[in-house]
Amino acid sequence: MTRDDLFKINAGIVKGLIEGIAETCPDAYILIISNPVNSTVPIAAEVLKAAGKFNPKKLFGVTTLDVVRAETFVQGITGERDPSKTVIPVIGGHSGETIVPMFSQAKPAVKIPEDKLDALIHRESTRALLLVCDVTDNRRHPVRR
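Note that the coordinates shown come from a computational prediction; the quantities given were computed from them, not determined experimentally.

**Student:** Quick one: what's the story with the overall build of the protein chain, residue by residue and with numbers?
**Tutor:** Of the regular secondary structure elements, the protein chain holds four helices and six strands. The order of helices and strands in the protein chain, counted from the N terminus, is α-β-α-β-α-β-β-α-β-β. With 145 residues in all, the protein chain has 31% of them scored as buried. Contacts spanning at least 24 positions in sequence make up 56% of the contacts within the protein chain whose residues lie at least 6 apart. Here the protein chain displays about 9,200 Å² of accessible surface, and carbon together with sulfur accounts for 58% of that area.

**Student:** If you had to explain the pattern of salt bridges to someone new, which residues and values would you point to?
**Tutor:** Any two side chains of opposite charge can pair if their charged atoms end up close together. As enumerated under the stated definition, the model contains three salt bridges in all. Across the pair K15 and E19 runs a salt bridge whose closest N-O atoms are separated by 2.6 Å. Taken together, the residues K15 and E19, both in helix α1 (residues 3-24) and four residues apart, mark about one turn of the helix. Measuring nitrogen to oxygen at the nearest pair gives 3.4 Å for the salt bridge that ties E46 to K49.

**Student:** So what's going on with empty space enclosed by the protein? Residues and values would help.
**Tutor:** If you walk through the whole model with that rule in mind, you get one cavity of 30 Å³ or more. Here the largest cavity defines a volume of roughly 40 Å³. Grouping the constituent residues of the lining of the largest cavity by class yields five nonpolar, one polar and two charged.

**Student:** Lay out the packing of α1 against helix α2 (residues 37-50) with the relevant residues and their values.
**Tutor:** The geometry of α1 relative to α2 is characterised by a closest axis approach of 9 Å and an angle of 35 degrees between their N-to-C directions. Like other packed secondary-structure pairs, α1 and α2 cross with a definite hand, here right-handed. When α1 is examined against α2, the residues F7, N10, A11, V14, K15, I18, E19 and A22 are found in contact with a partner set consisting of S39, T40, I43, A44, V47 and L48.

Conventions and cut-offs
- Within each chain, residue numbers correspond to sequence positions counted from 1 in written order.
- Local features are withheld for residues below a pLDDT of 70 in this predicted model, meaning they are given only at 70 or higher, and side-chain atom pairs are given and counted only at 80 or more; totals for whole chains, interfaces and linings count all residues.
- Side-chain measures here rest on the full set of heavy atoms in the structure, leaving out hydrogens and waters.
- Strands here mean DSSP runs of E at least two residues long; helices mean DSSP runs of H or I at least four residues long; both are numbered from the N terminus.
- Note on exposure labels: buried denotes an accessible area under 20% of the residue type's maximum, exposed denotes more than 50%, and partly exposed covers the range between, all computed with a 1.4 Å probe on protein chains only.
- Residues count as neighbours in contact if any of their non-hydrogen atoms are within 4.5 Å of one another.
- With residues, only the protein chains shown are counted as cover, and all accessible areas are computed by Shrake-Rupley using a 1.4 Å probe.
- In the sections that follow, a salt bridge refers to a side-chain nitrogen of Lys or Arg positioned within 4 Å of a carboxyl oxygen of Asp or Glu.
- Throughout, the protein atoms alone are placed on a 1 Å grid, and a set of points is a cavity if a 1.4 Å probe fits but cannot get out or a pocket if it is open with protein on both sides within 12 Å along at least five of seven lines; lining residues have an atom within 4 Å of a point.
- Grid points are joined across faces, edges and corners, and a volume is the space filled by probe spheres set on the points.
- Side-chain classes are defined by residue name, with Ala, Val, Leu, Ile, Met, Phe, Trp, Tyr, Cys and Pro counting as nonpolar, Asp, Glu, Lys and Arg as charged, and the others, Gly among them, as polar.
- Only the contacting stretch of a helix is used when fitting its axis, a line to C-alpha atoms as for every element, and angles between N-to-C directions run 0 to 180 degrees.
- We call a crossing left-handed when the near helix sits turned anticlockwise from the far one by less than a right angle, and right-handed when that turn is clockwise.

Printed below as a string of structure tokens:
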């Protein structure tokens, strides 16, 4: 399965769900977590606009996965075991080219050894390449661009 395949599947699912939301509960807060979030949220917005139900204050993209991943990688370096004790903001999209983990903004501040920083940044950006479960045989395959 390629990223394009994943997008086509998820775009159709999001479109159908948002059509249902626009019809049955148009005032709901809508959180989109379907990848790629930076593409599926605009689809949702356009469907809502077409239905005359768009409220930009009630449509959100959720990208918690990237935050959890960055925090976990840093905890592997610092040795912290409690997930609530490390906060790493992540900005940008959900891909190697656009994801930006803000290690310098970590709370509490962390000292990442210089010899580990480049590897950590590379690991975070390449892990954004999802593993997608092939529903036909339940094997895991890396998503190809």
